[in-house]
Amino acid sequence: MIEATIDTCAEIFLNGEALIETIPDTYLAPSKTQGRGLHTYRAWAKDEVLCVLDGQVVEANRYPVLLTEMEWNALPGEMLLVRPLRTSYGFINHSFDPNLEIGLDYRTISALRAITAGEELKLNYAAQPVPKGYLERDDTDFLRD
């Protein structure tokens, strides 16, 4: 029996591809921050919208396993916008010096500044309303400056 994780779901449902492309003109490459990161083939202008996130809205406290096993972004009130398959968004690494930001609607990702082709795309995860349960984990020290 295969253990179901976001990565095994990608292998099964995406014909071996690593992700569903939700941010156009991007690619995975080694990251100076952590593992692999999402890089861009093209330049993006300041304030240009890269994508609008989708997913299922769920309560983080009701389904805590989602914090480690699925792709998500934080919404106010300990809520999550969850996606069961990897998307481009899931490979954006954290930085306290980001080049992207999530809008006030918690779904729109836009360029915080001009971004050059080849640059890694990064978000400040700590700028989001990240659930308390996630922040209390030992492996999230990187979110505390």
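Everything here concerns the structure above.
Residues numbered from 1 in each chain as written. Predicted model: local features only at pLDDT ≥ 70, side-chain atom pairs only at ≥ 80, totals over all residues. Heavy atoms only, no water.

Asker: Lay out the sheet that holds strand S4 (residues 56-59) in plain terms, naming residues and giving numbers.
Answerer: The strand order across the open sheet built from three strands is S4-S6-S5, with neighbouring strands paired in antiparallel fashion. Bordering the open sheet on either side are S4 and strand S5 (71-75), each of which pairs with just one other strand. Strand-to-strand, the axes of this sheet are offset by a mean angle of 35°, without reference to chain direction. Direction of pairing for S5 relative to strand S6 (residues 79-83): antiparallel, over a ladder of five bridges. Its bridge partner lying in S6, Glu 71 is registered against Arg 83. (Pairing = 2+ DSSP bridges. Helix = DSSP H or I, 4+ residues; strand = E, 2+ residues; numbered from the N terminus. Axes fitted to C-alpha atoms, helices over the stretch in contact; angles between N-to-C directions.)

Asker: How would you sum up the sheet that holds strand S3 (residues 49-52)? Please name residues and give values.
Answerer: Strand order across the open sheet formed by three strands is S3-S9-S8, with antiparallel pairing between neighbours. Two strands bound the open sheet, and with one partner strand each, they are S3 and strand S8 (100-102). Going from strand to strand, the sheet's axes swing by 20° on average, the running direction of each strand aside. Direction of pairing for S8 relative to strand S9 (residues 108-111): antiparallel, over a ladder of three bridges. Paired with Glu 101 across the two strands is Ser 110, which belongs to S9.

Asker: Any details on the pattern of salt bridges? Residues and values, ideally.
Answerer: Counted under the stated rule, the structure contains four salt bridges. Measuring nitrogen to oxygen at the nearest pair gives 2.8 Å for the salt bridge that ties Glu 48 to Arg 42. A residue is classified by how much of its surface remains accessible, and Glu 48, at 25% relative accessible area, is partly exposed. Among the ionic pairs, Glu 119 bridges to Arg 113, the shortest N-O distance being 2.4 Å. According to the relative accessible area criterion, Arg 113 is partly exposed, its value standing at 34%. (Salt bridge = Lys/Arg side-chain N within 4 Å of Asp/Glu carboxyl O. Buried < 20%, exposed > 50% of the residue type's maximum accessible area, 1.4 Å probe, protein only.)

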